[in-house]
Amino acid sequence: MNLPVDIVYSGAEINQAVDNQPEADLVLVDTAGFSHKNVEQKNDLKMLIDSLDEGYDKEVFLVLSSTTKYKDLLEITDVYKEIADYKLIFTKLDETDAIGNILNIKLDTGKSLSYISYGQNVPDDIEVMNPQVIAKQVLGGGESYGSGR
């Protein structure tokens, strides 16, 4: 995506990394994925998010695979509600036809559905979530994301 990159390892470094981009309208912070069962990494992520200066507007997105089992999605979203208020991104829509979990997790968490991805080509295979497309797919009709665009 041809973006500048800073690597941070602690909450103390995150504000400096954001400050290093004074001309940027938007700064993306991508954290390493980890098991929702790893308490130490969960605490580190919460500390990193909480360390961001209050003067910055921030949005947190929880990225979930649409191929993950529903029971696991429930556990993951439950753990992350302890970390931050978040919006949902679902990936790998190109790898499954069973997308009812997207609607179920939205209803279970009350969180906003923000983006989806349906392939490996970044940023081309990322779209704003369209609830009408998802609803039509869940009901068995309509075109899927990434088909015939």
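Residues numbered from 1 in each chain as written. Predicted model: local features only at pLDDT ≥ 70, side-chain atom pairs only at ≥ 80, totals over all residues. Heavy atoms only, no water.

Participant: Got a sec to walk through the environment of Y118? Specific residues and values, please.
Facilitator: Inspection of the secondary structure puts Y118 in the loop between strand 3 (113-117) and strand 4 (126-128). With a relative accessible area of 8%, Y118 lands in the buried category. Only 3.0 Å separates the side chain of Y118 from the side chain of E127, close enough to count as a polar contact. (Helix = DSSP H or I, 4+ residues; strand = E, 2+ residues; numbered from the N terminus. Buried < 20%, exposed > 50% of the residue type's maximum accessible area, 1.4 Å probe, protein only. Polar contact = N/O pair within 3.5 Å; in protein donor to acceptor, adjacent residues only side chain to side chain.)

Participant: Just give me the short version of the nonpolar core, but keep the residues and values in it.
Facilitator: L64, Y80 and F90 are the most contacted members of the largest nonpolar core, which totals 21 residues. Listed by contribution, the elements that provide at least two residues to this core are helix 2 (39-51), strand 1 (61-65), helix 3 (70-80), strand 2 (87-91) and helix 4 (100-109). It is helix 3 that contributes the most residues to this core, three residues altogether. Setting aside chain neighbours within four positions, we find Y80 in contact with F34, L45, L62 and Y86. (Core = buried A, V, L, I, M, F, W, Y, C linked by side-chain atoms within 4.5 Å. Contact = heavy atoms within 4.5 Å.)

Participant: Tell me about the sheet that holds strand 1, and name the residues and values.
Facilitator: Two orientations exist for strands paired in a sheet by backbone hydrogen bonds: parallel and antiparallel. Sheet architecture is open: four strands sit in the order 1-2-3-4, paired in mixed fashion. The strands lining the two open edges of the sheet, one partner per strand, are strand 1 and strand 4. Each strand of the sheet is rotated relative to its neighbour by a mean of 25 degrees, with strand direction disregarded. Where strand 3 and strand 4 come together, three bridges link them in antiparallel fashion. By the bridge assignment for strand 4, Y115 is matched with V128. Against the sheet, helix 3 contacts strand 1 and strand 2, and its axis sits at roughly 165 degrees relative to strand 1. (Pairing = 2+ DSSP bridges. Axes fitted to C-alpha atoms, helices over the stretch in contact; angles between N-to-C directions.)

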